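# Architecture at a glance
Here is what each chain is made of, one letter per residue.
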Amino acid sequence: MRAWLSLIAFAAAAVTWSFPQARVVNGFGPIDLVDMVTQSEVGVSSTFFPTDSLAMDATGNLYSADPNGVIFNVTTPGNFPVGPTGFSQIGDLVYAPGGLFGFSNATQTLFFFDLINTTVTYTQNILGLFGTVTGVAYQNSTGLIYLSTASGVNNDTLYEVSLSNPNAIVKGTMAHNDVGSYITDIEFGANGTLYAMTWYNRHFYSVNTATGTTGLISAGPHRDVTGMALDPVPEPASMATIGLGLAALLRRIRKT
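The present account deals with the structure reproduced in this document. Nothing here was measured: the structure is a model prediction, and the numbers come from that model.

### A look at the side chain of Asp156
- Take Asp156: it is sitting in strand S14 (residues 156–161).
- For the buried residue Asp156, which engages in no salt bridge, the nearest side chain bearing the opposite charge is Arg202, 16 Å off.
- A polar contact of 3.0 Å, which involves the side chain of Asp156, links it to the side chain of His176.
- Residues in contact with Asp156, not counting those within four places in the same chain, are Thr149, Ala150, Gly172, Thr173, Met174, His176, Tyr182 and Ile183.

The structure is reproduced here in structure tokens:
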């Protein structure tokens, strides 16, 4: 019985915490579902506007901001507006419970867009950043925000931000070997790992949040990608569903 339980636990962990699948957007619209390890891809949607942002909520809806700061649901090619943020030059969006965090490079402002009320409910001017913000990542376990900045090519930095403090903390340089490129997005996977993606050849990396040190996962084809959204952290309802499935399987095992 213990062997069965161990096998079941391992299978559940493999489903929940394996490498995430990445939804990535090209700066001119196409959105692909990409295997981060093999780089295999399939088209899933598109935007009708150029964008630097892509986010996915807990139910699989995709969001992106247009050049004027209007957020659109881009789950299907028939994009429809969700609401204006009041900000421009949005470097990225990321999902957090209830809405989307975003960053405006025009005003150096971190903001939260409430998806229920379709309005901005939090803003904070962030100090101490060097370069253009290209990625925003929300750490579900701590509530901290991580930002990636690019200062030209192959010069990318990781920062940590607390929602109660305007001062960004430098964590380290994020090195990568996509020559003549830069990191266009960072995001946490459901396994708690921070991941990064580069623009020109779509390299994927894991990132150490304490130092910014990177580890190559895969090097891809030339795609000019500007935004990434990963499988969301499982919410309590999802975990409950997994638990019910395991319980049913255990009952069947006991009857045999």
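Moving on, there is more to tell.
### Looking at the sheet that holds S14
- With respect to topology, four strands assemble into an open sheet ordered S12-S13-S14-S15, the strand pairing being antiparallel. Only two strands of the sheet have a single partner each, and these edge strands are strand S12 (132–138) and strand S15 (169–173). Averaged over all pairs of adjacent strands, the angle between strand axes in this sheet comes to 25 degrees, irrespective of strand direction.
- In the sheet, S14 pairs with S15 via four bridges, with the strands oriented antiparallel. Residue pairing for S15: Thr157 is matched across the bridge by Thr173.

### Observations regarding the packing of aromatic side chains
- Applying the stated criterion across every chain yields a total of ten aromatic pairs.
- Considering the side-chain rings of Phe48 and Phe72, the 5.2 Å spacing of their centres and the 90 degrees angle between planes classify their relative orientation as edge-to-face. Linking Phe48 in the loop between strand S3 (41–46) and strand S4 (55–56) with Phe72 in strand S6 (residues 70–73), this pair joins segments that are 24 residues apart in sequence.
- Since its relative accessible area comes to 58%, Phe48 is described here as exposed.
- An aromatic cluster of three or more residues is present, and its members are Phe101, Phe112, Tyr122 and Tyr138.

Conventions adopted
Residues numbered from 1 in each chain as written. Predicted model: local features only at pLDDT ≥ 70, side-chain atom pairs only at ≥ 80, totals over all residues. Heavy atoms only, no water. Helix = DSSP H or I, 4+ residues; strand = E, 2+ residues; numbered from the N terminus. Buried < 20%, exposed > 50% of the residue type's maximum accessible area, 1.4 Å probe, protein only. Lys, Arg positive; Asp, Glu negative; His and termini not counted. Salt bridge = Lys/Arg side-chain N within 4 Å of Asp/Glu carboxyl O. Polar contact = N/O pair within 3.5 Å; in protein donor to acceptor, adjacent residues only side chain to side chain. Contact = heavy atoms within 4.5 Å. Pairing = 2+ DSSP bridges. Axes fitted to C-alpha atoms, helices over the stretch in contact; angles between N-to-C directions. Phe/Tyr/Trp six-rings, centres within 6.5 Å; stacked < 30°, edge-to-face > 60°.

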